[in-house]
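Below, each chain spelled out in residue letters.
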Amino acid sequence: MRESSGVAILLVDDHRVFAEALAGLLATEPGIGHVGTASNLTAARKLLGSGRPDVILLDLSLAEESGFDLLAEVLAEPDPPAVIMLSGSTDPRLIVQAIDAGARGWLAKTTRLPTLVAAIWQVLDGHLYLAPATLGPVLSHLLGDLRRQRAAAGFVDRLTPRELDVLRCLVSGMTRAEAADYLFLSTNTVRTHIQSLLRRSEQHSALALVAFARSHGVTGIDENDGSVMTNGRGSSS
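These numbers were taken from a predicted model, which means no experiment stands behind them.

### Details of the pairing of strand β1 (residues 7-12)
Right, so step 1: With six of its six residues buried, β1 lies for the most part within the structure.
Right, so step 2: Alternating positions in β1 separate into two faces, Val7, Ile9 and Leu11 on one and Ala8, Leu10 and Val12 on the other, with burial throughout.
Right, so step 3: Both β1 and strand β2 (residues 32-38) contribute to a ladder of five bridges, which runs parallel. Directly across from Leu11, in β2, lies its bridge partner Thr37.
Right, so step 4: Each parallel crossover has a hand, and the one from β1 via helix α1 (residues 16-27) to β2 is right-handed.
Right, so step 5: Across four bridges, β1 lies against strand β3 (residues 55-58) in parallel orientation. Its bridge partner being in β3, Leu10 is matched across the sheet by Ile56.

Below, the structure written as structure tokens:
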């Protein structure tokens, strides 16, 4: 809840000079009340224990600590304050990760004070805030993920029966030789199927292929109650 004296802010950043300078500037803004600072997670937790701010401006990299840890802790509490990540990074993957975890915004440390203040008010009004310069990279990242998901959605349906047999052997933890013995194939044939599977899935190793297959619902032989061929009976090569 906002104090009558203004919005309470907690700034968590391990660059003390930067944090103190920014806190001083924010405190002069109309509508902004107390601005506390913490240089590490321990200090931030102590301040949070003594009083709930309206907004937390949270650095991502805190010496040997991660702002994501505090973000998770804060958002696990009932009626948490709004959290805006304040970072030197503009990596769209990190921005998406933060927003997905519950952050209400992402700002670069080079953000001008008027923009920072505007972002605080926007977030307090219940909106998300991303700087215009980050929107393009973030959207490109999200669209890239969407395209990959669409391409992968029909992965299993496009496999030949034998490719699916080989894949399920791999998911069960079999080596190439064990898969060849189980399916009554030569190791060269199994190798050819695996190479095809790697191309189809756009993976670069058998380990990554197995993880990819599991994420798309492919089960191993013993998990599948014998639906994969046994003792040489099943789909043809």
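### Quick word on the sheet that holds strand β6 (residues 82-87)
Right, so step 1: Strands sit in the order β2-β1-β3-β6-β7-β8 across an open sheet of six strands; the sheet is parallel. Only two strands of the sheet have a single partner each, and these edge strands are β2 and β8 (129-130).

### As for the pairing of β3
Right, so step 1: On β3, burial covers both faces: Val55 and Leu57 on one face and Ile56 and Leu58 on the other are all buried.
Right, so step 2: Inspection of the sheet shows β3 paired to β6 by four bridges, in the parallel sense. Directly across from Ile56, in β6, lies its bridge partner Val83.

### Let's talk about helix α10 (residues 206-215)
Right, so step 1: Among the residues making up α10, those that are buried are Leu209, Val210, Phe212 and Ala213. End-on, the buried residues of α10 take up no more than an arc of 165 degrees, which puts them together on one face. Set apart from the buried face of α10 by more than 90 degrees, the exposed residues are Leu207 and Ser215.
Right, so step 2: Where α10 terminates, the next one or two residues include Gly217, which has phi positive at roughly 85 degrees.

### Overview of the confidence of the model for the protein
Right, so step 1: Considering every residue of the protein, the mean pLDDT works out to 87; 89% of them sit at 70 or more.
Right, so step 2: Model confidence for the protein, summarised as mean pLDDT per element, is weakest for helix α6 (residues 132-153) at 77 and strongest for β3 at 97.

### Focus on a nonpolar patch on the surface
Right, so step 1: Residues Leu135, Leu139, Leu142, Leu143 and Leu146 make up a contiguous nonpolar surface patch of about 410 Å² in total accessible area.
Right, so step 2: Structurally, Leu146 can be placed in helix α6.

### Describing the nonpolar core
Right, so step 1: Membership of the largest hydrophobic core comes to 24 residues, with the highest contact counts inside it found for Ile9, Leu26, Val55, Leu57, Leu116 and Ile120.
Right, so step 2: Taken together, the elements giving at least two residues each to this core come down to β1, α1, β2, β3, β6 and α5 (113-124).
Right, so step 3: Per element, the largest residue contribution to this core is seven residues, and it comes from α5.
Right, so step 4: The residues contacting Leu26, other than those within four sequence positions of it, are Ile9, Ile32, Val35, Leu57, Leu113, Leu116, Val117 and Ile120.

### A closer look at the packing of helix α7 (residues 161-171) against helix α9 (residues 187-201)
Right, so step 1: Look at α7 against α9: their axes get within 10 Å of each other, and the N-to-C directions meet at 90 degrees. Judged by the inter-axis angle, α7 sits roughly perpendicular to α9. Where α7 approaches α9, its residues Arg162, Glu163, Val166, Leu167 and Leu170 are matched on the opposing element by Val190, His193, Ile194, Ser196, Leu197 and Arg200.
Right, so step 2: The class makeup of the residues in the contact of α7 with α9 is six nonpolar, two polar and three charged.

### Comments concerning the packing of helix α8 (residues 176-183) against α9
Right, so step 1: The interhelical angle for the contact between α8 and α9, taken along N-to-C directions, is 110 degrees, at an axis separation of 9 Å. One way to sum up the angle between α8 and α9 is to call them roughly perpendicular. Here α8 and α9 pass one another in a crossing that is right-handed. Side by side, α8 and α9 meet where Arg176, Ala177, Ala179 and Ala180 of the first sit next to Thr187, Val190, Arg191 and Ile194 of the second.
Right, so step 2: Along the lines of polarity and charge, the residues of the contact of α8 with α9 split into five nonpolar, one polar and two charged.

How each quantity is defined
- Just so you know, the residues in each chain are numbered from 1, in the order the chain's sequence is written.
- Whole-chain, interface and lining totals are the exception, using all residues; otherwise, since this is a predicted model, local features are given only for residues with pLDDT of at least 70 and side-chain atom pairs are given and counted only at 80 or more.
- Excluded from the side-chain calculations are hydrogens and water; all other atoms, namely the structure's heavy atoms, are used.
- Remark: exposure states derive from per-residue accessible area (1.4 Å probe, protein chains only) relative to the maximum for the residue type, with buried under 20%, exposed over 50%, and partly exposed in between.
- Helix and strand assignments follow DSSP, with helices taken as H or I runs no shorter than four residues and strands as E runs no shorter than two, numbered in order from the N terminus.
- Strands are labelled as partners when DSSP assigns at least two bridges between them.
- Handedness is read with the strands pointing away from the viewer; a crossover is right-handed when the path from the first strand over the helix to the second is clockwise.
- As used here, the arc is the angular range of directions from the helix axis to the C-beta atoms.
- Confidence scores labelled pLDDT are given residue by residue by the predictor and lie between 0 and 100.
- Residues form patches when they are more than 30% accessible in relative terms and have no salt bridge. Like charges link within 9 Å. Nonpolar side chains (Val, Leu, Ile, Met, Phe, Trp, Tyr) link within 5 Å.
- Method for areas: the Shrake-Rupley scheme with a 1.4 Å probe, in which residue coverage is limited to the protein chains shown.
- What counts as a salt bridge is simple: a side-chain nitrogen of Lys or Arg found within 4 Å of a carboxyl oxygen of Asp or Glu.
- For this analysis, a nonpolar core means a set of buried residues of the types Ala, Val, Leu, Ile, Met, Phe, Trp, Tyr and Cys, connected via side-chain atoms within 4.5 Å.
- Working rule for contacts: check all heavy atoms of both residues, and any pair within 4.5 Å makes them a contact.
- In this analysis an axis means a line fitted to C-alpha atoms, helices contributing only their contacting stretch, and an angle means the value between N-to-C directions, from 0 to 180 degrees.
- By the definition adopted for this analysis, an angle is roughly parallel if under 35 degrees, roughly antiparallel if over 145, roughly perpendicular if from 65 to 115, and oblique otherwise.
- Lys, Arg, Asp and Glu make up the charged group, whereas Ala, Val, Leu, Ile, Met, Phe, Trp, Tyr, Cys and Pro make up the nonpolar group; the residues left over, Gly among them, are polar.
- Helix crossings fall into two classes, left-handed where the near helix is turned counterclockwise from the far one by less than a right angle and right-handed where it is turned clockwise.

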